[in-house]
Amino acid sequence: MGASDPEVAPWARGGAAGMAGAGAGAGARGGAAAGVEARARDPPPAHRAHPRHPRPAAQPSARRMDGSSGGLGSGDNAPTTEALFVALGAGVTALSHPLLYVKLLIQVGHEPMPPTIGTNVLGRKVLYLPSFFTYAKYIVQVDGKIGLFRGLSPRLMSNALSTVTRGSMKKVFPPDEIEQVSNKDDMKTSLKKVVKETSYEMMMQCVSRMLAHPLHVISMRCMVQFVGREAKYSGVLSSIGKIFKEEGLLGFFVGLIPHLLGDVVFLWGCNLLAHFINAYLVDDSVSDTPGGLGNDQNPGSQFSQALAIRSYTKFVMGIAVSMLTYPFLLVGDLMAVNNCGLQAGLPPYSPVFKSWIHCWKYLSVQGQLFRGSSLLFRRVSSGSCFALE
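These numbers come from a predicted model, not from an experiment.

S.K.: Which residues make up the packing of helix 8 (residues 256-280) against helix 10 (residues 326-337), and what values do they have?
M.R.: Put simply, helix 8 and helix 10 touch, their axes get as near as 7 Å, and they point 160° apart. Classified by the interaxial angle, the pair formed by helix 8 and helix 10 is roughly antiparallel. Read as a crossing pair, helix 8 and helix 10 show a hand that is left-handed. Across the interface between the two elements, Pro258, His259, Leu261 and Gly262 from helix 8 touch Phe328, Leu329, Val331, Gly332 and Asp333 from helix 10.

S.K.: Report on helix 5 (residues 152-172), specifying residues and quantitative values.
M.R.: Given a rise of 1.5 Å per residue, 21 residues ought to cover 30 Å, and the 30 Å separating the end C-alpha atoms of helix 5 matches this to within 8%. Here helix 5 has its buried residues at Leu152, Pro154, Arg155, Ser158, Asn159, Ser162, Thr165, Arg166, Gly167 and Met169.

S.K.: Got a sec to walk through the sheet that holds strand 2 (residues 125-129)? Specific residues and values, please.
M.R.: If you walk across this open sheet you meet the 3 strands as 1-2-3, and the pairing is antiparallel. Where the open sheet ends on each side, the last strands, each with one partner, are strand 1 (116-119) and strand 3 (378-379). Across 4 bridges, the pairing between strand 1 and strand 2 is antiparallel. The residue of strand 2 that forms the bridge with Thr119 is Lys125.

S.K.: Break down the pattern of salt bridges for me, with residues and values.
M.R.: Evaluated as defined, the whole model comprises 8 salt bridges. Arg229 is the salt-bridge partner of Asp143, the closest N and O atoms lying 2.6 Å from each other. Separated by 86 residues along the polypeptide, Asp143 in helix 4 (residues 132-143) and Arg229 in the loop between helix 6 (187-228) and helix 7 (236-247) bring together distant segments of the chain. Arg221 is the salt-bridge partner of Glu247, the closest N and O atoms lying 2.7 Å from each other. Placement of the pair is Glu247 in helix 7 and Arg221 in helix 6, with a sequence separation of 26 residues. A single salt-bridge network, built from bridges that share partners, covers Asp143, Arg150 and Arg229.

Rules used in this analysis
- Residues numbered from 1 in each chain as written.
- Predicted model: local features only at pLDDT ≥ 70, side-chain atom pairs only at ≥ 80, totals over all residues.
- Heavy atoms only, no water.
- Axes fitted to C-alpha atoms, helices over the stretch in contact; angles between N-to-C directions.
- Helix = DSSP H or I, 4+ residues; strand = E, 2+ residues; numbered from the N terminus.
- Parallel < 35°, antiparallel > 145°, perpendicular 65-115°, else oblique.
- Left-handed = near helix turned anticlockwise from the far one by under 90°.
- Contact = heavy atoms within 4.5 Å.
- Expected span 1.5 Å × (residues − 1).
- Buried < 20%, exposed > 50% of the residue type's maximum accessible area, 1.4 Å probe, protein only.
- Pairing = 2+ DSSP bridges.
- Salt bridge = Lys/Arg side-chain N within 4 Å of Asp/Glu carboxyl O.

Okay, structure coming up:
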């Protein structure tokens, strides 16, 4: 949810796959599986094999023939599907870049416009900092409309590399197929499934994050050059050379640890919270029809409300947990630009931090751990240099 890629958000950051352990649709799948098993034990008379005409042997499924999961990206369509995901991701990244650009400038503490006086819900006068739209207009006045897309190229490359990495890992380490269970089934088995799927997703997220982080660092530094009007980082290749010459190999991974910790906390927090809520609070017997039972015309109605509730649970948990993990994102982005020769990473904008823990403690003391988390209604904090006249 910050300047990094969805980072986004994650739920922008992890996506629907990042909440695989929430257990949506468990009741429907459990009921359907039970029905299939019953029919397999006692097939209807119309389909019984005749003694003189034995039933032909079942053909192997496409999933078993090609060894893939059988979903999107499997078989011969894998390259096309992966390219489609990369293209869609690039489009979303380009459209959202101005938003993340403004957020990063706010995160580093760049406030080029004075606050305005407004009133809160209680009618008291308060100071409000410029919103995203006012800030974006200011950037357009200084750099033109193209200025809103400063640092976009390395960010596109970072997202594409992350998407390709995740796709490749799914092929090399295909996820195990585990049947989902409802809240009426064995809770221990259900929890094991959530833990296993979350561990798998965490592995993919961490590996893709580490490989794409150098490009993320370059993108962050390109954007914060707006503060001091520098031109030190002008291209991907030249930026790689400058970072390696000045900071060595470790310079490409500054700020990586808080980002990884944020991803891990987000995945586990979101998946486990959604799982326990869906398992213990959502009743699979709730239906759209009176009495909680389906009917012949709508056999799946008894699970429709439970499925909808589970979907909303995952969405809400994603938002809530992403807010709690925002400080990790903020600290990681600040460390990526700290003490790199740019004005935004040096005093008076920022002290020179010894580590990301030092950065966290400093922001905590200043009450700024959630700086940049809001882009519309930005009140001046009590410790700010601005004051009402």
